[in-house]
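Per-entry structural report
Take a look at the letters that make up each chain.
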Amino acid sequence: MITTELLAEYIAAGAAEIKADVALLGGTLMNVHTGEYYLADIAIYKEKIVAVEPDISEYMGEHTRCIDCKGKYIVPGLIDCHIHVECSKMSMTRFAQAVLPHGTTSIVSGLDEYISVLGLDGLQEIFQEIDASPLKVFWGLPYKTPYTIPTSTVAYSVTAKDHEKYQKDPRCFGVWELVREAVQTRDEDTLAALVAAMKQHKPIFGCSPLARGKDLNQYLMSGVRVDHESYDHEELLEKARKGIHTIIRESAVTKFLKENIRAITEGAAGVARHTSFCSDDVHARGILEYGHMDHLVRLAIQAGVAPMTAVQMATINAAQAYHIDDRVGTIAPGKEADIILVDEPGTFHVETVLSKGRIVVEKGVSQIEYIPPKRTTTLVNTVSHAPVQADDFAYHVDIANGIATIEAIHSVGPFMRKRRDVELVVKDGVIQVDAQKDVAYVSVMERYGKNGNISKGFISGWELTCGAIATTASPDDNNLVVAGMNHEDMALAANTLIQAGGGQVIVVDGEVLSFLPLPIAGIVSDLEPEDLAQKERELDQMTKRLGSTLPDPMFYLSFLPITAIPDLAITDGGNVDYTKLSYFDPVLSLKQAK
């Protein structure tokens, strides 16, 4: 926190009256302000850059630590413009440990998955963890929780009154994840939240997949500044032409960069100046294998974007979009010392990382120890639900035997679900799923001890043949989601997570094949990134025993309650048709056997 005394110190350090703590010498600066490459030395005092000059010898003292940057390129720390960090299943400490070696020094996040479980008061412990971390988190308060329409069950609902309080808080940098439907319906509480932010000159972060033409015009009247949801390059280009700061997403399962970058390489080169990157949702194994924001920079370069332009998209563009460019995004006196050294602009391999003025990685070797804080009872034991029985998942109907025509939630991709009507057998008053017809059961259980909701429905596109899969990490409400081919395995999977206080599990024929505990809020873990990645691989491997051919069945399962994903979803409240913003009955018709 800045004070007048500290500000005076920084001013003295800028005049070389106080000597630098760290000096970067002899590197080639990628100046994202001007698009230039040139040799420069950089002086750092505490957490700030105090000089960028051809020679900084007068800033150096006997205690200055010098880093030889000859042959290296000096780049601002990278910024992830939109990430649900909790979806990585890593705690804030472990997430920092995973992404800092890849040059990510700042993220923009709503911490909304934590809020849905812990509420805003419980978030204070997360803020303390963030403050102790070398990774910066620029937080936006969710426009409301839950995001689901109709409303699902969460532990805490964010309202306009929270925005009246927190938009004045210096820790809050705007409104997170404003979905178009909340604007479309003129939700009064949402509009009040937006007005609270506008009064504080805080930006509004948007989420408007497939919005074009009049729908987009209507949405932009809300004051939204940035948007991270474009399904193709023409959609992104239209948004850019209409003044929005567009964000290209490349998540663990939604690979949109190759398509969206065409708005720049084939559409209008000027789009790049107002476009940045985000990962949205990542997992440990993906970060360890491919990288994080550095991976997106490399992908953009491979797609034909100039290295300088790609770096600007990952740094200054992002900072300006979110009104945080007074602190991060560039290398200049007065900016925070978030700096990375890379081998070459074209290959962009990160070798050394400074964040908050600290050398956290040097020549690929971590220089700090990541120690998660001791967890209090506020953060653990957050799953409150009585043990379930197999029959709790049976879909009972009014005929004893016959045929039921059902509407299944059919996954045609990680971020697209469509209607599929299927005829299923009814036996002894219960609808029977059918592997040959690619239909499985799915259920969402309210897990906060509020109402005991257990919704039931059907999914297809998964090719499940046996067993069950379950998770308590399931944005946006983080209730317990379970899918499977038989009720007994579904009950075992659900009860395993209830007893453990959260996690992800695979069950086949009454046996738990793989289980990942997620004790912190039922959504994240303090496991080392490498250990978590190994558990993720194990879970993914075991899903093959269920017959699924999806690229990441656990991710698909986790996202089923997100109603904003077109067109269908399921929450603890029931099956949702988001095109109508209402629940639907998955049983379309029943025909009694003769």
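What counts, and where the lines are drawn
Residues numbered from 1 in each chain as written. Predicted model: local features only at pLDDT ≥ 70, side-chain atom pairs only at ≥ 80, totals over all residues. Heavy atoms only, no water. UniProt positions renumbered as here; feature names shortened; annotations may be inferred. Pairing = 2+ DSSP bridges. Helix = DSSP H or I, 4+ residues; strand = E, 2+ residues; numbered from the N terminus. Patch = residues over 30% accessible without salt bridge, like charges linked within 9 Å, V, L, I, M, F, W, Y side chains within 5 Å. Areas by Shrake-Rupley, 256 points an atom, 1.4 Å probe, with all protein chains shown as cover. Salt bridge = Lys/Arg side-chain N within 4 Å of Asp/Glu carboxyl O. Buried < 20%, exposed > 50% of the residue type's maximum accessible area, 1.4 Å probe, protein only. Axes fitted to C-alpha atoms, helices over the stretch in contact; angles between N-to-C directions. 1 Å grid on protein atoms, 1.4 Å probe; cavity = no way out; pocket = protein on both sides within 12 Å on 5 of 7 lines; lining within 4 Å. Points joined across faces, edges and corners; volume = space filled by probe spheres on them. Nonpolar A, V, L, I, M, F, W, Y, C, P; charged D, E, K, R; others polar. Domains from an automatic or database assignment. Phe/Tyr/Trp six-rings, centres within 6.5 Å; stacked < 30°, edge-to-face > 60°. Contact = heavy atoms within 4.5 Å. Buried area = accessible area lost by both parts, 1.4 Å probe. Polar contact = N/O pair within 3.5 Å; in protein donor to acceptor, adjacent residues only side chain to side chain.

Per an unreviewed UniProt entry, the recorded name for the protein chain is Adenine deaminase, and the organism is Megasphaera hutchinsoni. Taken from UniProt, the Catalytic activity (unreviewed entry) comment for the protein chain reads in full: "adenine + H2O + H(+) = hypoxanthine + NH4(+)".

Right, let's get into the sheet that holds strand β10 (residues 204–207). Spatial ordering of the open sheet is given by β6-β7-β8-β9-β10-β11-β12-β13, a layout of 8 strands whose pairing is parallel. Edge positions in the sheet fall to β6 (78–80) and β13 (275–278), since each of these pairs with one other strand and no more. In this sheet, strand β11 (residues 226–227) lies alongside β10 in parallel orientation, the contact comprising 2 bridges. Each bridged residue has a counterpart across the sheet, and for G206 the counterpart in β11 is D227.

A cluster of nonpolar side chains, namely I2, L7 and I11, defines an oily patch on the protein surface of about 300 Å² accessible area. Residue classification places I11 among the exposed residues on the basis of a relative accessible area of 58%.

A separate point is the UniProt feature "domain: Amidohydrolase-related" (unreviewed entry) in the protein chain. Mapped onto the present numbering, the UniProt feature "domain: Amidohydrolase-related" (unreviewed entry) falls on residues 73–360. Secondary structure within residues 73–360 divides into 38% helix and 19% strand; the distance between the first and last C-alpha atoms comes to 17 Å.

Here the focus is the sheet that holds strand β29 (residues 582–584). The strands making up a sheet associate through backbone hydrogen bonding, with each pair oriented either parallel or antiparallel. Ordered in space as β27-β28-β29, the 3 strands form an open sheet in which the pairing is antiparallel. At either margin of the open sheet sits one strand with a lone partner, and together these are β27 (568–571) and β29. Taken over all neighbouring pairs, the strand axes of this sheet differ in orientation by 45° on average, direction set aside. Two elements, strand β28 (residues 574–577) and β29, share 3 bridges in a ladder whose sense is antiparallel. Residue pairing for β29: D577 is matched across the bridge by S582.

Turning our attention to the layout of surface pockets. Its volume calculated, the largest pocket comes out at about 910 Å³. Along the wall of the largest pocket there are 25 residues; nearest its centre are M1, E47, D131, R327 and E336. With 4 residues, the top contributor of residues to the lining of the largest pocket is strand β8 (residues 136–142). Of the residues contributing to the lining of the largest pocket, the split by class is 14 nonpolar, no polar and 11 charged. When residues of the lining of the largest pocket are assigned to domains, at least three map to each of domain 1 (4–71) and domain 2 (75–330). Volume-wise, the second largest pocket comes out at about 380 Å³.

Here we come to the packing of aromatic side chains. All chains considered together, the criterion is met by 13 aromatic pairs. With a centroid separation of 5.1 Å and an interplanar angle of 40°, the aromatic rings of Y231 and F256 are classed as tilted. Of this pair, Y231 sits in the loop between β11 and α8 (233–241) while F256 is found in the loop between β12 (245–249) and α9 (257–260), placing the two residues 25 residues apart along the sequence. With respect to class, Y231 is no different from F256; both count as buried. Taken together, F127, W139 and Y166 form an aromatic cluster joined through their ring pairs.

This brings us to the domain arrangement of the protein chain. The domains assigned to the protein chain are domain 1 (4–71), domain 2 (75–330) and domain 3 (390–592). One C-alpha centre belongs to domain 1, the other to domain 2; they are set 31 Å apart. Contact residues are listed per partner, giving 8 residues for domain 1 and 10 residues for domain 2. The junction of domain 1 with domain 2 conceals about 740 Å² of combined surface from both sides, 73% of it contributed by carbon and sulfur atoms. When the buried area of domain 1 at its contact with domain 2 is split by residue, M30, V32 and H33 rank highest and sum to 72% of it. The tally of links between domain 1 and domain 2 comes to 2 residue pairs in polar contact (both at pLDDT 80 or more). Breaking the side of domain 1 that touches domain 2 down by element, the ones donating at least two residues are β1 (22–31) and β2 (36–45). Considered class by class, the residues forming the side of domain 1 that touches domain 2 number 4 nonpolar, 3 polar and 1 charged.

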